[in-house]
Amino acid sequence: MTKQQIYAFMREAGLALTVYAHEPVYTMEQAEALGFAALPVKNLFLTDRRRSLWALLVLRGDVSPDLRATGRALGYTPLSLGSPERLGELLHTQPGAVSPLCIVDAPEEVELWIDDGLNLDAEAAYHPGVNDETVVLRTRDLLRELERRGRRIRYVRLAERP
């Protein structure tokens, strides 16, 4: 989904949001340094060892998940980050720019997982498929619209690294 299509989706959905343009960011530290009054979140594109699972995990920015343990707890082989190539094929974006905004028209094979510790009522900062813009909106509003459009959402308890 292109940036223009993502913005069209948000307009059509009537989502209350604020958009910021900025220099490209590649890390959580760079994103947090921008100083937006929004909950920092991480978005990880995951796969299992067999490459039979593709999932976008949205989690709190301060969490360091143990992907191997989380995968086992969810009934999968150990999880790892999906390749940039597969991310581009399935979500039409690149590492550092992925977010749940990119999953609007993604194939059903890409699951959307939400960290059950994420504050859904807080405004959070998401990239609209590019890393030089940030959209701030309430996660609950976005998830409600995705569900209304048929996207299944799985709330997961993450195993954290010690």
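Scroll up to find the structure this text is about.
All of these numbers come straight from a predicted model, not from anything done at the bench.

(A) A look at the overall build of the protein chain. Counting secondary structure elements, the protein chain contains five helices and eight strands. The N-to-C order of helical and strand elements in the protein chain reads α-β-α-β-β-α-β-α-β-β-β-α-β. In terms of overall size, the protein chain behaves like a compact globule, its C-alpha atoms giving a radius of gyration of 15 Å where 162 residues would be expected to give roughly 15 Å. The C-alpha extent of the protein chain, read off along each of the three principal axes, is 40 × 30 × 30 Å. Each of the 162 residues in the protein chain was classed as buried or not, and the buried ones make up 48%. Expressed as a percentage of contacts within the protein chain between residues at least 6 apart in sequence, the contacts between residues at least 24 apart total 66%. Element-wise, carbon and sulfur atoms account for 47% of the exposed surface of the protein chain, whose accessible area totals about 8,300 Å².

(B) Layout of a positive patch on the surface. The grouping of R49, R50, R68 and R72 at the surface amounts to a positive patch. Along the chain, R68 turns up in helix 3 (residues 67-73). On the basis of relative accessibility, which here comes to 47%, the residue R68 falls in the partly exposed class.

(C) Quick look at the sheet that holds strand 8 (residues 153-156). If you walk across this open sheet you meet the five strands as 4-2-3-5-8, and the pairing is mixed. Strands with a single pairing partner mark the edges of an open sheet, and in this sheet they are strand 4 (79-81) and strand 8. Averaged over all neighbouring strand pairs, the angle between strand axes comes to 35°, with direction disregarded. Sheet analysis places strand 2 (residues 41-48) next to strand 3 (residues 54-60), joined by seven bridges and oriented antiparallel. When the sheet's bridge partners are listed, V41 is paired in strand 3 with R60. Contacts from helix 4 (residues 84-91) reach strand 2, strand 3 and strand 5 (110-115), with the element oriented near 100° to strand 2.

What counts as what
- Residues numbered from 1 in each chain as written.
- Predicted model: local features only at pLDDT ≥ 70, side-chain atom pairs only at ≥ 80, totals over all residues.
- Heavy atoms only, no water.
- Helix = DSSP H or I, 4+ residues; strand = E, 2+ residues; numbered from the N terminus.
- Rg over C-alpha atoms; globule rule 2.2 N^0.38 Å.
- Buried < 20%, exposed > 50% of the residue type's maximum accessible area, 1.4 Å probe, protein only.
- Contact = heavy atoms within 4.5 Å.
- Areas by Shrake-Rupley, 256 points an atom, 1.4 Å probe, with all protein chains shown as cover.
- Patch = residues over 30% accessible without salt bridge, like charges linked within 9 Å, V, L, I, M, F, W, Y side chains within 5 Å.
- Salt bridge = Lys/Arg side-chain N within 4 Å of Asp/Glu carboxyl O.
- Lys, Arg positive; Asp, Glu negative; His and termini not counted.
- Charge placed at Lys NZ, Arg CZ, Asp CG, Glu CD.
- Pairing = 2+ DSSP bridges.
- Axes fitted to C-alpha atoms, helices over the stretch in contact; angles between N-to-C directions.

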